[in-house]
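An overview of the molecular structure
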Amino acid sequence: MQTFIVVLALLGFAAVGYTMGRARSIMTAGGTPKGLHSLPSYYGAYTAMWIGLPSLLLLAAWLIVQPQIVDGLVMGGLPSAMTEGLSSSEYGLLLNDIRNVATGNISSRGDDPAITAAAARLSGLHDTGFILMIVAAFGIGAGGLAVARSRISPTLRARNTVEKVINVILIVSSLIAILTTVGIVLSLLFESFLFFTHVPFYEFVFGLNWSPQTALRADQVGSSGAFGAIPLFVGTLLITFIAMMVAAPIGLLSAIYMAEYADPRFRAFAKPMLEVLAGIPTVVYGFFAALTVAPAFRNAGESIGLDVSSESALAAGVVMGIMIIPFVSSLSDDVINAVPQSLRDGSYGLGATKSETIRSVVVPAALPGIVGALLLAISRAIGETMIVVMAAGLAANLTVNPLEAVTTVTVQIVTLLVGDQEFDSAKTLSAFALGLVLFFITLALNVIALSVVRKYREKYD
Amino acid sequence: MTEPSTPTRDVTVAAKPPGPEQLANRYTKVQSRDVNVYYGEKHALKHVDLDVYENEVTALIGPSGCGKSTFLRCLNRMNDVIDICRVTGRISLDDHDIYDPSLDVVQLRARVGMVFQKPNPFPKSIYDNIAYGPRIHGIAHGKAELDEIVQKSLERAGLWKEVSDRLDQPGTGLSGGQQQRLCIARAIAVNPEVILMDEPCSALDPIATARIEELIDELRENFTIVIVTHSMQQAARVSQRTAFFHLGDLVEVGETEAIFTNPEDSRTQGYITGRFG
Amino acid sequence: MTDATSFPPGTGSGGRPTDPARRPLVVSPHLARRYARERRFRLLGLASVATAGLILLILLGSIVSKGYSAFWQYNVDLTIEFSAEELNPDGGPVDMETLRRANYLALVRDSLKREFPDAAGDRSERRKLYGLVSPNADIVLRSMVLEDPGLIGTTQTVTIKLSDDMDTFAKGYIDRNLPEGDRRVTDLEIGWFDHLNSEGRIHAAFNVDFFTQGDSREPEEAGIYGALIGSILTLMVTLLVSFPIGVMAAVYLEEFAPKNRLTDLIEVNINNLAAVPSIVFGLLGLAVFLNFFGLPRSAPLVGGLVLALMTLPTIIIASRSALKAVPPSIREAALGLGASPLQVVTHHVLPLAMPGILTGTIIGMAQALGETAPLLMIGMVAFIVDIPQSFTDPATVLPVQVYIWADSPERAFVEKTSAAIMVLLGFLVLMNAIAVLLRKRFERRW
Ligand SMILES: Nc1ncnc2c1ncn2[C@@H]1O[C@H](COP(=O)(O)OP(=O)(O)O)[C@@H](O)[C@H]1O
Ligand SMILES: [Mg+2]
């Protein structure tokens, strides 16, 4: 919050600089903007940039670097007996305790005088750093102001400079998307690499047994855990399959009905209805699955003598299918509408009925696009998290029986990472390995689907 | 500006004009009386009376937007597909009103087939394109019969020799002219009585156009053909009778030779001499 | 089509019929079958749409029917003796610190014991008796006394919340006709309840606390205010980060970018990013923002950043199509007047595209508001009682609150969860309505 206020203050400073630069340019031109190369507002923007850019960049760098330095100083200041021979996770715990004490929270080591002292030191350094940061940021801003003031003259090409800088900012903005992807790939690869130093790759990909509970003490039985992900992959595919069995027919038939049969009044009502279905947060679907659908299936099963798990793959899959219906239908709707009318005319001209035309001409013509839509839907189902977290199980059963509980890749990622985690344990790292698999599978599906759909569109454009 | 009494543009009337005995024996296959078409508020076709005779080619000409396609689409009720389109008046096929509510469009279209401006083969194999109509109408009994229909239709459309060895390949892979002949074969396969063609050659090169024109002349023997064209040469080459439309009115209809050599209406004359259109 | 089939295919049927009525236009039995199929197919389509609608109704219906009762709470009027012995045992002038630390729960318990002296003997019965009212009832009394120490020594009628089980019973969710072992309240408790009720001392009131308090382990005390503030803080970060970056990226790609490999790559990349599972963004946030940059866990700052990266593709794609919809003639006109390309964009194109951009942004924000999974990864799932005050305080958000409550075993949390969902959906409806209005209001046909 404090930092936020500093940022606002710097922006205010830049705004002040704007008016100063404007006024300055008019003054240098002899009181009238006529002789200036650019409009006075560009001189204002020029000055604001000289203030805002360096000071905000400094602020960002400071915020990233300061904690590292402060932590180093604090830990260095501890009695060497406390820090010697600590593993990196123990080091992290100790630091965490000091932070907790410093922010006034209760900590397990709160009464240790060394810790209390370190905490005081931490807050002290933190405050000093904050003040230094403000001074530095405003100092550099003032420097920028001085530079801009000295450069402003009627011949300064303020507009060109400002536009060049803005252009760079625009380019950087559009690179953020790439940076995000790079960040995802690198962080997943890095943590997965660490994981594969603990667990062999082939065991992860081909192992039939998943129980990541690593023990707290190294000498405990079964401390190694088992990281065979096949049960997760099978569970994910099972639930995805069930979801598609629900979403594909209902979504496709709805799309066909909306595109080919429905009159505008019906469409005006049904389209928003499907959009509402699409706009419901997945956590709501998860709640619905766990509290309404799963018990209903269980009771229905009981009444006909079937033993349905209360966390059955069926319930999670069906609700996930419901969630995906609007996705399938709106994508297919677009695709079906892209089929040229001339093909329909050709069929009607031969005396085909509407349904014959749809089944033998429109759907085959739209098939590549429909396949693309279904692939996107599958990718969506594989990556969906909340429904399965709330309605599917945790136990990694290797089964394809939809009435039993299975677990999925996303469920395991959440379970492994929610709650207390130990850094660098195989258990925590395995979540990133699962994330890597998830990312690349959905990426592959998306790339294929998008290129299929694009080719399809080009065909009829 | 002097009004030329004879058309200055040289149009050769090549199609065989009907002989006197044929003229006497003419049978009216399709008859339209006081047909009006509206697209919403727009009055696209006004009071059209037109007879189409059996085993002849009737050409509809006129400047673009004058309602030729609209009229053509009335004859097999393709306008039903357009929501805002409204048709009044009477159109009959063999004396049956085709807008009779008890009549079935699907069956009508089986008897009045259509070929469109742009070739529109279905994204299926050549064989399936042709077999589509017979299949939906249940015309063929058994594979052998269907094979025979496909072959005959392709032969009559003059396409058999070119495609007999690749019937299982997609129809969309053919050249434009071949595609249009495929569409004609597809229409023939249902064995209709009337074939409507809406500028069937406008998307084709001259050689393909010549092939289709030849084909139309051959088909006349077995079918009644109504063709829309914007090319007067084409109308003159293939048709026995020609109807000239202008701004939604049917201005003049008569023997092709007469229309081109001695039009009655000044608008017709203006059009065929190339002063507008 | 009996007639058509009788023709040898390909020989032509165009020969003049001797009898014009030879091929009457009648419906054949074959056609009836085809039309039956047509009707069935059409019905199938309609049934699919109807199924989707029905499911929506069931979903919303089940949530509303479970959740509407959370908006009120049953209370009981108790006669409380603010006894001086309990509150100020040492006598003398009232010391605020002593008052703050006094055992107010004892006052409630005394009152209950006076009410039902029979129960006072047995330990387990006594515990049940105390369990009639919320274990947090002391807070009400404490604030009363702290506000007005003059209450000490007096006897007052105070309205106190029933405990979650009794509240659930009062709302009729527990069937008293079930065998005692099968329900969460015993006959004894029901007897007490009926007695108080017959005296008219149990009444329902609008559950203000649900909207003004943070999370709590006691369902009757739990509210969504903390999560709501968390959501607002998080979305503020998301908006502040993703809107400017998204619009600038869209402007660059649509208006300035040369067509080359790099821009192609960016384009493909954005489309793919839009389809990356949200949980992967959570992993990114955990690895980069928390572990690498050391930003605080559970903070709206980090949540907002993660959601911003997730919403960015949505905003860029929407903004690009809004920019694309501005006709080139406007750009040409402005360029023709000597405006620089940047001026053309900022003065003419952006203002015209703004309604579309804002619509896309609101829709992106609505998605972010409903997002849960990535926030679990960065620790926003903790049990947090305090209302977050800043972007770095530990916080949770509405959908995560739903998830936390849905996971709680107490029966009374079911209605809280459903009610929280209703509030969440309310906000989503509001945001989408604004987006729709914006689109309608500023829709322009060129
Ligand atoms: N589907 C339609 N909706 C509205 N107006 C149409 C439609 N089809 C044709 N028209 C209008 O009807 C008139 C006749 O069109 P058309 O029959 O296609 O002319 P053409 O003689 O060139 O084939 C034109 O003015 C056209 O604008
Ligand atoms: Mg036309």
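Residues numbered from 1 in each chain as written. Chains lettered and ligands numbered in written order. Predicted model: local features only at pLDDT ≥ 70, side-chain atom pairs only at ≥ 80, totals over all residues. Heavy atoms only, no water.

**Thoughts on the overall build of chain A**
On a plain count of helices and strands, chain A comes out with 16 helices and 2 strands. For chain A, whose C-alpha radius of gyration is 31 Å, the value lies well above the compact-globule estimate of 23 Å for 461 residues. In terms of overall dimensions, chain A has C-alpha extents of about 85 × 75 × 35 Å along its principal axes. Of all 461 residues assigned to chain A, the portion counted as buried reaches 47%. Considering only residue pairs separated by 6 or more positions, chain A has 73% of its internal contacts joining residues 24 or more positions apart. (Helix = DSSP H or I, 4+ residues; strand = E, 2+ residues; numbered from the N terminus. Rg over C-alpha atoms; globule rule 2.2 N^0.38 Å. Buried < 20%, exposed > 50% of the residue type's maximum accessible area, 1.4 Å probe, protein only. Contact = heavy atoms within 4.5 Å.)

**Side note on the overall build of chain C**
Across its full length, chain C carries 19 helices and 3 strands. Radius of gyration (C-alpha) of chain C: 33 Å, far over the 22 Å computed for a compact globule of 446 residues. If you line up chain C on its principal axes, its C-alpha atoms span 115 × 75 × 40 Å. A separation of at least 24 residues holds for 76% of the contacts in chain C among residues at least 6 apart in sequence. Working note: accessible area of chain C is about 20,100 Å², and carbon and sulfur atoms make up 59% of it. Side-chain charges of chain C comprise 40 positive and 45 negative groups, with the mean position of each set lying 17 Å from the other. (Areas by Shrake-Rupley, 256 points an atom, 1.4 Å probe, with all protein chains shown as cover. Lys, Arg positive; Asp, Glu negative; His and termini not counted. Charge placed at Lys NZ, Arg CZ, Asp CG, Glu CD.)

**What to know about the domain arrangement of chain A**
Domain annotation of chain A identifies domain 1 (2-156) and domain 2 (226-460). Computed from C-alpha coordinates alone, the two centres of domain 1 of chain A and domain 2 of chain A are separated by 47 Å. (Domains from an automatic or database assignment.)

**Overview of a positive patch on the surface**
A surface patch of positive charge is lined by Arg359 of chain A together with Arg33, Arg37, Arg39 and Arg40 of chain C. Per-element accounting of the positive patch gives the leading share, 4 residues, to helix α2 (residues 29-67) of chain C. Residue classification places arginine 37 of chain C among the partly exposed residues on the basis of a relative accessible area of 33%. (Patch = residues over 30% accessible without salt bridge, like charges linked within 9 Å, V, L, I, M, F, W, Y side chains within 5 Å. Salt bridge = Lys/Arg side-chain N within 4 Å of Asp/Glu carboxyl O.)

**Observations concerning the nonpolar core**
Tyr285, Ile413 and Leu434 of chain A together with Leu154 and Met197 of chain B are the most contacted members of the largest nonpolar core, which totals 239 residues. Ignoring any residue separated from it by four or fewer positions in sequence, one finds methionine 197 of chain B in contact with Leu72, Val115, Ile184, Ile216, Leu219, Ile225, Val226, Ile227 and Val228 of chain B. Counting residues in each nonpolar core, the second largest holds 35 residues, with Leu112, Leu141, Ile152 and Met166 of chain C among its members. (Core = buried A, V, L, I, M, F, W, Y, C linked by side-chain atoms within 4.5 Å.)

**Thoughts on the sheet that holds strand β1 (residues 72-81) of chain C**
All names here are of chain C. Taken in spatial order, the 3 strands of this open sheet run β2-β1-β3, and their pairing is antiparallel. Looking at the sheet topology across the chains shown, the edges are occupied by β2 (155-161) and β3 (202-206). Strand-to-strand twist across the sheet, computed as the mean angle between neighbouring axes with direction ignored, equals 40°. Two strands pair when backbone bridges link them, and β1 and β3 are joined in this way by 5 bridges, in the antiparallel orientation. Of the residues in β3, the one forming a bridge with glutamine 73 is alanine 205. Sheet strands in contact with helix α5 (residues 104-115) are β1 and β2, and its direction is about 85° off that of β1. (Pairing = 2+ DSSP bridges. Axes fitted to C-alpha atoms, helices over the stretch in contact; angles between N-to-C directions.)

**Considering the packing of helix α15 (residues 409-417) of chain A against helix α13 (residues 278-292) of chain C**
Where α15 of chain A contacts α13 of chain C, the axes come no closer than 11 Å and their chain directions differ by 30°. Overall, the two elements α15 of chain A and α13 of chain C adopt an arrangement that is roughly parallel. The way α15 of chain A lies across α13 of chain C gives a crossing that is left-handed. Contacts from Thr410, Ile413, Val414 and Leu417 of chain A of α15 of chain A reach α13 of chain C at Ile279, Leu283 and Leu286 of chain C. For the contact of α15 of chain A with α13 of chain C, the class distribution of residues is 6 nonpolar, 1 polar and no charged. (Parallel < 35°, antiparallel > 145°, perpendicular 65-115°, else oblique. Left-handed = near helix turned anticlockwise from the far one by under 90°. Nonpolar A, V, L, I, M, F, W, Y, C, P; charged D, E, K, R; others polar.)

**As for the site of ligand 1**
Residue and element names in this part refer to chain B. Around ligand 1 sit Tyr39, Lys42, Ala44, Ser64, Gly65, Cys66, Gly67, Lys68, Ser69, Thr70, Ile82 and Ile84, and those are all the residues in its vicinity. Within the side chain of lysine 42, a nitrogen or oxygen atom sits 3.2 Å from an oxygen atom of ligand 1. Interatomic distance of 2.4 Å between a side-chain N/O atom of threonine 70 and an oxygen atom of ligand 1. Protein contact buries 66% of the 560 Å² of open area that ligand 1 shows by itself. Elements represented by at least two residues in the shell around ligand 1 include exactly β2 (42-53) and α2 (68-75). For the shell around ligand 1, the element with the highest residue contribution is α2, accounting for 3 residues. A per-class count over the shell around ligand 1 returns 5 nonpolar, 5 polar and 2 charged. (Near = heavy atom within 4 Å. Polar contact = N/O pair within 3.5 Å; in protein donor to acceptor, adjacent residues only side chain to side chain.)

**So, the interface of chain A and chain C**
Across the contact, 82 residues belong to chain A and 78 residues belong to chain C. Buried surface at the junction of chain A and chain C, summed over both partners, amounts to about 6,700 Å²; 77% is from carbon and sulfur atoms. Where chain A touches chain C, the interface holds 1 salt bridge. Put simply, arginine 34 of chain C and glutamate 356 of chain A hold a salt bridge, and the shortest N to O gap is 2.8 Å. Counting the contacts that link chain A with chain C gives 12 residue pairs in polar contact (both at pLDDT 80 or more). With 20 residues, the single largest contributor to the side of chain A that touches chain C is helix α6 (residues 158-198) of chain A. Looking at side-chain class alone, the side of chain A that touches chain C contains 53 nonpolar, 23 polar and 6 charged residues. (Buried area = accessible area lost by both parts, 1.4 Å probe.)

**Considerations on the interface of chain B and chain A**
When the parts of a complex come together, some accessible area is lost, and that lost area is often used as the size of the interface. At the interface, 22 residues of chain B touch 18 residues of chain A. Here chain B meets chain A over a buried area of about 1,500 Å², counting both sides, of which 65% is carbon and sulfur. The closest approach of N and O atoms between arginine 73 of chain B and aspartate 345 of chain A, which form a salt bridge, is 3.8 Å. Sorting the residues of the side of chain B that touches chain A by element identifies α3 (105-111), β6 (112-115), α4 (126-137) and α7 (176-189) of chain B as the ones contributing at least two each.

**A look at the domain arrangement of chain C**
Residues and elements named next belong to chain C. Segmenting chain C into domains produces domain 1 (68-207) and domain 2 (225-442). The centre of domain 1, based on its C-alpha atoms, is set 46 Å off from the matching centre of domain 2. Between domain 1 and domain 2, the contact holds 10 residues from the first and 8 residues from the second. Between domain 1 and domain 2, the buried area comes to about 780 Å², and carbon and sulfur atoms account for 58% of it. A salt bridge links glutamate 415 to lysine 171; its shortest N-O distance comes to 2.8 Å. Taken together, domain 1 and domain 2 are joined by 2 residue pairs in polar contact (both at pLDDT 80 or more). A class-by-class count of the residues in the side of domain 1 that touches domain 2 yields 4 nonpolar, 3 polar and 3 charged.

**Regarding the pairing of strand β3 (residues 57-61) of chain B**
Residues and elements named next belong to chain B. Along β3, 5 of the 5 residues are buried, which leaves the element largely enclosed by surrounding structure. On β3, burial covers both faces: Val57, Ala59 and Ile61 on one face and Thr58 and Leu60 on the other are all buried. Summarising the sheet, β3 and strand β8 (residues 224-228) pair through 4 bridges and their orientation is parallel. Looking at the pairing, alanine 59 lines up with isoleucine 227 of β8. Note that β3 and strand β9 (residues 241-246) share 4 bridges and pair parallel. Along β9, the bridge assignment pairs threonine 58 with arginine 241.

**Observations concerning the side chain of glutamine 73 of chain C**
Residues and elements named next belong to chain C. In this fold, glutamine 73 is placed in strand β1. Looking at glutamine 73, the relative accessible area reads 3%, which means it is buried. Among the polar contacts listed, one links the side chain of glutamine 73 to the backbone oxygen of leucine 162, at a separation of 3.3 Å. Discounting residues that sit within four places of it in the chain, glutamine 73 has contacts with Lys161, Leu162, Asp167, Lys171, His203, Ala204, Ala205, Asn207 and Glu220.

**A few points about the environment of lysine 66 of chain C**
Mapped onto the elements of the fold, lysine 66 of chain C is located in helix α2. In this structure lysine 66 of chain C comes out as partly exposed when scored by relative accessible area, which is 21%. As for lysine 66 of chain C and tryptophan 192 of chain C, which are separated by 126 residues in sequence, their C-alpha atoms are 26 Å apart. If we skip the residues at most four places from it in the chain, lysine 66 of chain C touches Leu291 and Thr292 of chain A together with Tyr173, Val414, Glu415 and Ser418 of chain C. A polar contact is formed between the side chain of lysine 66 of chain C and the side chain of threonine 292 of chain A, at a distance of 3.0 Å.

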